[in-house]
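# Secondary and tertiary structure notes
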Amino acid sequence: MALWTIRCYLEREDQDVIDVWRGGVSDAVAYKFEGRMRFLQELPANAWVRPYAASLKGDGAGLVEIRFQCEKVQHRPIGFFSGAREFTFVFVAIEKGWRFKPRSTIKIANSRKREVIADRSRAHACEFE
């Protein structure tokens, strides 16, 4: 049984940020992400470290990036620890040249994080098979 409940920011009433992202990537990318999440769900928060995950610094403090490469792209699903044994995804970016693409990644992620904190209905539970 997983240690963590994973939640996802709702971009639309019926679609969350991870569903939308999965719709635009290959099956290989989606499978690699799901495998990474199954692995992390079994670990305590203090073990969510490189090379699997990393806490962001500076303007991104309080956010965590899930790190994986697939098809020569550095994928960076981003979220935060939103409760006891709960992690919420708020955005998905890529990293290229040590920078997030899009450049507004941190601003968007922080805005969505604030929305979820103010109103838990802005995210829902999501699972990884």
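Each residue is numbered by its place in its chain's sequence as written, counting from 1. Where local features are concerned, this predicted model is filtered to residues with pLDDT of at least 70; where side-chain atom pairs are given and counted, the filter is 80 or more; whole-chain, interface and lining totals use all residues. By convention in this description, side-chain values take in all heavy atoms of the structure and omit both hydrogens and water.

Here the focus is the overall build of the chain. Assigned secondary structure in the chain consists of three helices and nine strands. The way it works is that DSSP assigns letters per residue, a run of H or I at least four long becomes a helix, a run of E at least two long becomes a strand, and they are numbered from the N terminus. Sequence-ordered secondary structure for the chain, helices as α and strands as β, is β-β-α-α-β-β-β-β-β-β-α-β. Each principal axis of the C-alpha atoms in the chain carries an extent, and together these give about 35 × 35 × 30 Å. We call a residue buried when its accessible area falls under 20% of the maximum for its residue type, exposed when it is over 50%, and partly exposed in between, using a 1.4 Å probe and counting protein chains only. Across the 129 residues in the chain, those meeting the buried criterion constitute 44%. Contacts were defined at the residue level, with two residues in contact if any of their heavy atoms lie within 4.5 Å. Taking the intrachain contacts of the chain between residues at least 6 apart in sequence as the baseline, contacts between residues at least 24 apart amount to 52%. Here the chain has roughly 7400 Å² of accessible surface; of this, 51% comes from carbon and sulfur atoms. Positive charges are assigned to Lys and Arg, negative charges to Asp and Glu, while His and the chain termini are left out of the count. To locate a charge, the coordinates of NZ of Lys, CZ of Arg, CG of Asp or CD of Glu are taken. Taking the 22 positively charged and 17 negatively charged side chains of the chain as two groups, their mean positions are separated by 10 Å. Here the open area of atoms and residues is found with the Shrake-Rupley method and a 1.4 Å probe, where only the protein chains shown may cover a residue.

Disulfide assignment relies on a single distance test, namely cysteine sulfur atoms paired within 2.5 Å. This model, assessed by the stated rule, comprises one disulfide. In this model, Cys-8 is linked to Cys-126 through a disulfide, with the two sulfur atoms separated by 2.1 Å. When the S-S torsion is 65°, as for the bridge of Cys-8 with Cys-126, the disulfide is right-handed. In this pair, Cys-8 is assigned in strand S1 (residues 5–12) and Cys-126 in the segment after strand S9 (123–125), connecting sequence segments 118 residues apart. A single burial state applies to Cys-8 and to Cys-126, both of which are buried.

What follows is about the environment of Ile-94. For Ile-94, the position within the fold is in strand S7 (residues 86–96). The exposure class assigned to Ile-94 is partly exposed, which follows from its relative accessible area of 31%. Placed 39 residues apart in sequence, Ile-94 and Ser-55 show a C-alpha to C-alpha distance of 16 Å. Apart from residues lying up to four places away in sequence, Ile-94 is in contact with Val-73, Gln-74, His-75, Arg-76, Arg-99, Phe-100 and Lys-101.

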